[in-house]
Amino acid sequence: MEGRRVRPIDRVPLSIDQIIVIAASWSSSHDARPRLSGGEDMLAIIGALAVLALLALILTNRMSPLAALVLVPVLAAIVIGAGAAIPAHVLAGIARIAPVAGMFVFAILFFGIMADAGLLAPLVNLVLRLVGEHPPRIALGTAALALLIHLDGSGAVCFLITIPALRPLYDRLGMDRRVLACTASLAAGVNFLPWTGPTLRAAAALKTPVATIFTPMIAVQLAGLGFVFAAAWWLGIREERRLRHSRVAGPLSDALTTVAPLAGDVIALQRPRLLLLNLVITLVVVGTMVSGAVEPVVVFMIGTAVALIVNYPSAAAQRARIDAHAPAALLMAGVLFAAGAFTGIMNGTGMIAAMADGAARHVPSGVGAHLPVLIGVAAMPLSLVFDPDSFYFGVLPVLAGVAERFGTEPVTIARAALLGQMTTGFPVSPLTPATFLVAGLSGIELGAHQRFSIPWLFAASLVMVVAALLIGVLPL
């Protein structure tokens, strides 16, 4: 009917694909390019300042990660004159992160419900029997478990399994949860494999077989893993000394005896008779997710529903379990969607690309011959600035071309980058969802995790650089 006004009930909900299309059309119809007279260099500077401001605000606890991830890129986009396109970039970023956020939300609910049902209790008790009451052995066990689980190449899966399984043990002994987060991050970060994201991206960007890049680095990785277990042992030793001088009087066994008894409400939630069935459900969920046959968010959604029905049949009990874990899930979802807004704006406005081009163009000719070593040293810190796609597909080919002019093979640059860029760097980078997952599952502040773990992860990267130089993987 002519002139008929559309009521809200007549509107059809939009799908994710439609949102992306609308966002793209909005971006194309509104000038999303910066209007700064300084050109690409100024765009790169604003982008770098935005990233540094984000890191400073989070590391100093001056602003919550959620607020910083939203406000910093919005202000940067306004400064470069791309304010009109902010909604489109935010929607595009959220659309890309939505499946990941959904996976994390339902993963937190799933593992939380299984923990309530007592699935992890036998595992914790087994680890406790194997490692005893000695923090050094517990830290070593954390590294070993994370290393084994990360063989599938997924950092998210590694943290989703390792941290919830071992956090109760750390809490029972009074160990610092930052040690748990750091040790798991070390093991996952050094464990770069031919099927992990950074290696595959490097091979694709330089059109080089994966084996050509990875095989010469096996010895380098072994050196890195040696450092991981040495660091885990030292962190455990340090925790043992701290606990001996803490408020708890007497040996660690006394502290364990004090905190070991479980509250009655916790015991009431456990389902020991369903332990085998819950184990089968968990193995099916994790195995299906690792296989890649089904999207992880779908796997965890179904797994969460099944876990609720099997362990807590009544609707009231199911609502209680969801309410118990909803705060952690909601906080994680909010931070991840904020991270999607951050990456959406930074990539959509071209600030990430400008930083990549600027970094490559301003390499002094005098350092060209030493470019592999410099990249190896800077690789881990660069994870705090560049997301993996931007670096490996944007920066790496340019750096490889620069190095080739100085007689260095492009594959050498790829190997140098893998010594830290989104390998040892990914568990602390604000550009990866896994960082927020580590902090959230460990129950610590993001800034606390970064301040504690960054020096150890950087040290692991430097150890591998030295090993690569000694065995000739990187030229002097």
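Since the structure is predicted, the reported quantities are computational estimates derived from the model, not experimental observations. (Residues numbered from 1 in each chain as written. Predicted model: local features only at pLDDT ≥ 70, side-chain atom pairs only at ≥ 80, totals over all residues. Heavy atoms only, no water.)

All right, on to the overall build of the protein chain then. Looking only at helices and strands, the protein chain has 22 helices and zero strands in total. By sequence separation, contacts in the protein chain at least 24 residues apart represent 81% of the contacts at least 6 residues apart. Accessible surface, the protein chain: about 21100 Å² in total, of which carbon and sulfur atoms supply 68%. (Helix = DSSP H or I, 4+ residues; strand = E, 2+ residues; numbered from the N terminus. Contact = heavy atoms within 4.5 Å. Areas by Shrake-Rupley, 256 points an atom, 1.4 Å probe, with all protein chains shown as cover.)

What follows deals with the packing of helix α4 (residues 86–116) against helix α15 (residues 296–311). Put simply, α4 and α15 touch, their axes get as near as 8 Å, and they point 25° apart. Taken together, the axes of α4 and α15 are roughly parallel relative to one another. Read as a crossing pair, α4 and α15 show a hand that is left-handed. Here Pro 99, Gly 102, Met 103, Phe 106, Ala 107, Leu 109, Phe 110, Phe 111, Ile 113 and Met 114 of α4 lie close against α15, whose contacting residues are Pro 296, Val 297, Phe 300, Met 301, Gly 303, Thr 304, Ala 307, Leu 308 and Asn 311. The class makeup of the residues in the contact of α4 with α15 is 15 nonpolar, four polar and no charged. (Axes fitted to C-alpha atoms, helices over the stretch in contact; angles between N-to-C directions. Parallel < 35°, antiparallel > 145°, perpendicular 65-115°, else oblique. Left-handed = near helix turned anticlockwise from the far one by under 90°. Nonpolar A, V, L, I, M, F, W, Y, C, P; charged D, E, K, R; others polar.)

It is worth spelling out the pattern of salt bridges at this point. If you walk through the whole model with that rule in mind, you get six salt bridges. Taking the shortest distance from any N to any O, the salt bridge between Asp 116 and Arg 321 comes out at 2.8 Å. One end of the pair, Asp 116, is in helix α4; the other, Arg 321, is in helix α16 (residues 315–348), with 205 residues separating them in the sequence. Arg 321 carries the same exposure label as Asp 116, and that label is buried. Taking the shortest distance from any N to any O, the salt bridge between Asp 171 and Arg 177 comes out at 3.0 Å. Looking at Arg 177, the relative accessible area reads 24%, which means it is partly exposed. (Salt bridge = Lys/Arg side-chain N within 4 Å of Asp/Glu carboxyl O. Buried < 20%, exposed > 50% of the residue type's maximum accessible area, 1.4 Å probe, protein only.)

With respect to the element layout, Leu 275 can be found in helix α14 (residues 275–291). For the pair Leu 275 and Leu 119, spaced 156 residues apart in sequence, the C-alpha separation works out to 6.0 Å.

Side chains of Leu 276, Leu 279, Val 280, Leu 283 and Val 284 sit close together on the surface and give an oily, nonpolar patch of about 470 Å² of accessible area. By secondary structure assignment, the location of Leu 276 is in helix α14. (Patch = residues over 30% accessible without salt bridge, like charges linked within 9 Å, V, L, I, M, F, W, Y side chains within 5 Å.)

Attention now moves to the nonpolar core. Core analysis: the largest hydrophobic core is formed by 137 residues, its most contacted members being Phe 159, Leu 186, Phe 300 and Leu 396. When residues of this core are assigned to their parent elements, the largest contribution, twelve residues, is made by α4. Contacts of Phe 300, omitting those with residues within four sequence positions, involve Met 103, Phe 106, Ala 107, Phe 110, Phe 111, Leu 160, Val 285 and Met 289. (Core = buried A, V, L, I, M, F, W, Y, C linked by side-chain atoms within 4.5 Å.)

Quick look at helix α18 (residues 371–382) now. The end-to-end C-alpha distance of α18, which contains twelve residues, comes to just 15 Å, noticeably less than the 16 Å that a straight helix rising 1.5 Å per residue would cover. For α18, every residue scored as buried is listed here: Leu 371, Pro 372, Val 373, Ile 375, Gly 376, Ala 379 and Met 380. (Expected span 1.5 Å × (residues − 1).)

The next thing to look at is the packing of aromatic side chains. Considering all chains together, one arrives at six aromatic pairs under this definition. Geometrically, the ring pair formed by Phe 391 and Tyr 392 is edge-to-face, given 5.2 Å between the ring centres and 85° between the ring planes. Clustering of aromatic rings is evident, with ring pairs tying together Phe 110, Phe 111 and Phe 300. (Phe/Tyr/Trp six-rings, centres within 6.5 Å; stacked < 30°, edge-to-face > 60°.)

Turning our attention to the packing of α4 against helix α7 (residues 155–173). Relative orientation of the contacting elements α4 and α7 amounts to 25°, with a least axis distance of 11 Å. Compared by their axis directions, α4 and α7 come out roughly parallel. Crossing hand, α4 versus α7: right-handed. Along the contact surface, α4 presents Met 103, Phe 104, Ala 107 and Phe 111, while α7 presents Ala 156, Leu 160 and Ile 161. Counted by class, the contact of α4 with α7 contains seven nonpolar, no polar and no charged residues.

Quick look at the environment of Pro 433 now. Within the fold, Pro 433 resides in helix α21 (residues 433–442). Among all residues touching Pro 433, those that are not within four sequence positions of it are Ile 97, Val 100, Phe 104 and Leu 336.

Here His 150 lies in the loop between α6 (135–149) and α7. Not counting residues within four places of it along the chain, the set of residues in contact with His 150 comprises Gly 155, Cys 158, Ala 188, Asn 191 and Leu 193.

Mapping Asn 191 onto the fold places it in the loop between α8 (177–190) and α9 (197–206). Of the polar contacts made by the side chain of Asn 191, one reaches the backbone oxygen of Leu 147; its length is 3.3 Å. Residues in contact with Asn 191, not counting those within four places in the same chain, are Leu 147, His 150, Leu 151, Thr 196 and Gln 221. (Polar contact = N/O pair within 3.5 Å; in protein donor to acceptor, adjacent residues only side chain to side chain.)

Another aspect to go through is unusual backbone geometry. Positive phi outside glycine occurs at Met 422, with the angle close to 60°. Residue position: Met 422 is located in the loop between α20 (410–417) and α21.

Mean pLDDT for the protein chain: 82, with 85% of residues reaching 70 or above. Low pLDDT, under 50, characterises residues 1–17; the stretch is placed with six contacts to residues that sit more than four places away or in other chains. Across residues 19–33, where pLDDT falls below 50, the model places 23 contacts with residues more than four positions away in sequence or in other chains. (pLDDT = per-residue confidence, 0-100.)

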